Amino acid sequence: MTGPAMDFTGKTVLVVGGSSGIGNGIAQGFRAAGAAVHVWGTRASATDYAGEDGSDLHGLGYSQVDVSSAQAIADAPAPFDRLDVLVLSQGIVLYKRQEFEAPGWDRVMAVNLDSVMHVAQRFHGMLKAAGGSAIVVSSVAAYRATMGNPAYAASKAAAVALVRTLGQAWAADGIRVNGFAPSIVDTKLTRVTTRHPERSEKALAKIPLGRFGTIEEMAGVALFLASPLAGYVVGQTIVVDGGLTL
Ligand SMILES: NC(=O)c1ccc[n+]([C@@H]2O[C@H](COP(=O)([O-])OP(=O)(O)OC[C@H]3O[C@@H](n4cnc5c(N)ncnc54)[C@H](OP(=O)(O)O)[C@@H]3O)[C@@H](O)[C@H]2O)c1
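The residue count restarts for each chain, going from 1 along the sequence in the order it is written. In keeping with the model being predicted, local features are shown solely for residues with a pLDDT of at least 70 and side-chain atom pairs are shown and tallied solely at 80 or more, while totals for entire chains, interfaces and linings include all residues.

### Quick notes on the nonpolar core
Nonpolar core, as used here: buried Ala, Val, Leu, Ile, Met, Phe, Trp, Tyr and Cys residues forming one set through C-beta atoms within 7 Å. Exposed residues have 12 or fewer other C-beta atoms within 10 Å of their own C-beta, buried residues have 20 or more, and partly exposed residues fall in between, where C-beta atoms are placed from the backbone. The biggest cluster of nonpolar side chains holds 65 residues, and the ones touching the most others in it are Phe 30, Val 87, Leu 88 and Ala 222. A per-element tally of this core places helix H5 (residues 150-171) first, with nine residues. The helix and strand labels rest on DSSP assignments: H or I over at least four residues marks a helix, E over at least two residues marks a strand, and numbering proceeds from the N terminus.

Here it is in C-alpha cells:
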C-alpha cells in the first residue's frame, strides 16, 4: 500500500473507537501512511491501554470521550486545527438478551448509531474546510438477522442508511461520506466467537474465504475510501466479509 494516493502526509485523522481493534488498526494504518492521528476511547488515558491485546496507542494522540453522551461529544477536546478524515469505529454489542430490554437497546443505539450522527455533525465544519471524508464502520449485521442482538443489527442497518443520506447531503460541501461492513475480525468485540473453538469453527464454515478478516485488511479499505483512489465514491458501504453474505 504505497504510492502518492496512499500518502497521507500533512493530513489529520480522528478515529473514534481508535483505542482498540479495527479502529486502532485504522489509526495505525493512517499513521504509517504519514498522517497525524488522534483517537478517542473510553479509558482515562492512553497508558490505561498498555499491554492490552489489540490496543497500540504508540504515536497516536488520545482523548477519553464517552460517545454514549451527546453532551460529552459536544464538549470533547479537539486538539487539532484541521481535520481531513473522520473514522467512526465505535461500537458495542450486549449479550444475554440485554438488547431486548430498553436499557440495553438504548445503550447500543446511543453508541452505535446516535454518536455516529453527533460526532459527524460536530466535525462537519472542519471536514468541509479540508474537503475531507468520513468513514463509518458498519457490519454485515446491517443486512441479515443477527441472532440475539436486535439493537446491534438495527443500529448497523441505520448506519448504512445514514452513510447514504450524509453522503448525499455533504457531497456539495466537498465531503465524501462512506463506510464499510465487516463480517468477523478477531477483536475484543468478537472474542466470544473467535476465541471459542466450537463457535469459531461454525462461523468459519459460513465464510467462503475460510478465515476471519484481519485488522490490516479493514485498515486497507478505510485508507482506500479516504484516498483519491475513491474520489468518486459517495454514500457507499463496502461489504468486506470474505464472502459471508454471498
Ligand atoms: N470485529 C468484528 O468482527 C466486527 C464486525 C463487524 C463490525 N464491527 C464494527 O467495528 C467497529 C469496531 O469494533 P471492534 O471489533 O474493533 O471492537 P473493539 O475492539 O471493542 O473496539 C470498539 C471501540 O469502540 C470504543 N467504544 C465503545 N464504547 C464507547 C463509548 N461509549 N465511547 C467511546 N468509545 C467507545 C472502544 O473503546 P475502548 O477501547 O475504550 O473500549 C473501542 O475503541 C464497531 O463499530 C463494530 O461494530 C466489528
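### What to know about the site of the ligand
Around the ligand sit 29 residues, and of these Gly 17, Gly 21, Thr 42, Gly 91 and Thr 187 come closest. As a working rule, the residues Ala, Val, Leu, Ile, Met, Phe, Trp, Tyr, Cys and Pro are called nonpolar, Asp, Glu, Lys and Arg charged, and the rest polar, with Gly in that last group. Within the shell around the ligand, the residues separate by chemical class into eleven nonpolar, 15 polar and three charged. Put plainly, near means the residue's C-beta atom, positioned from the backbone, lies within 6 Å of the molecule or strand in question.

### Details of unusual backbone geometry
Of note in this structure, Lys 96 is not a glycine but carries a positive phi near 60°. Position of Lys 96 relative to the elements: it lies in the loop between strand S4 (85-88) and helix H3 (102-122). Not every positive phi belongs to a glycine, and Arg 97 is a case in point at roughly 60°. With respect to the secondary-structure elements, Arg 97 resides in the loop between S4 and H3.

### Remarks on the sheet that holds strand S1 (residues 12-16)
Sheet architecture is open: seven strands sit in the order S3-S2-S1-S4-S5-S6-S7, paired in parallel fashion. Unpaired on one side and paired on the other, strand S3 (61-64) and strand S7 (237-240) mark the two borders of the sheet. When strand polarity is set aside, the average angle formed by the axes of neighbouring strands in this sheet is 15°. DSSP bridges decide pairing: two strands pair if at least two such bridges lie between them. In terms of strand pairing, S1 meets S4 through four bridges, oriented parallel. Bridging from a neighbouring strand, Val 15 pairs with Val 87 of S4. Here, residues touch in the contact sense if the C-beta positions derived from the backbone fall within 7 Å of one another. Each axis is a line fitted through C-alpha atoms, and for a helix only the stretch in contact is used; angles between axes span 0 to 180 degrees, taken between their N-to-C directions. Sitting on the sheet, helix H1 (residues 21-32) touches S1, strand S2 (36-41), S4, strand S5 (133-137) and strand S6 (176-182), and the angle it makes with S2 is about 165°.

### Some details on the environment of Glu 99
By the secondary structure assignment, Glu 99 is in the loop between S4 and H3. Glu 99 sits in the buried class, given 26 other C-beta atoms within 10 Å. Sequence spacing of Glu 99 and Ala 151 is 52 residues, and the spatial spacing of their C-alpha atoms is 5.7 Å. Setting aside anything within four residues of it in sequence, one finds Glu 99 in contact with Leu 94, Gly 104, Trp 105, Val 108, Asn 149, Pro 150, Ala 151 and Tyr 152.

### Concerning the packing of H3 against H5
Where H3 contacts H5, the two axes come as close as 9 Å, and the packing angle between them is 15°. In terms of orientation, H3 lies roughly parallel with respect to H5. At the point where H3 passes H5, the crossing takes the right-handed sense. For the pair H3 and H5, contact is made by Gly 104, Trp 105, Val 108, Met 109, Asn 112, Leu 113, Val 116, Met 117 and Ala 120 and by Ala 151, Tyr 152, Ser 155, Lys 156, Ala 158, Ala 159, Leu 162 and Leu 166, respectively. Working rule for angles: under 35 degrees goes down as roughly parallel, over 145 as roughly antiparallel, 65 to 115 as roughly perpendicular, anything else as oblique. Helix crossings fall into two classes, left-handed where the near helix is turned counterclockwise from the far one by less than a right angle and right-handed where it is turned clockwise.

### Comments concerning H5
What a helix should span is 1.5 Å times the count of its residues minus one. Compared with an ideal rise of 1.5 Å per residue, which puts 22 residues at 32 Å, H5 spans 31 Å between its outermost C-alpha atoms and is within 8% of the ideal. Taken together, the buried positions of H5 are Ala 151, Tyr 152, Ala 153, Ser 155, Lys 156, Ala 159, Val 160, Leu 162, Val 163, Leu 166, Gly 167 and Trp 170. Tucked into the core, H5 has its buried residues touching H3, S5, S6 and S7.

### Topic: the environment of Gly 125
Inspection of the secondary structure puts Gly 125 in helix H4 (residues 124-130). Looking at Gly 125, the number of C-beta atoms within 10 Å reads 11, which means it is exposed. Taking the C-alpha atoms as reference, Gly 125 lies 10.0 Å from Ile 175; in sequence the two are 50 residues apart.

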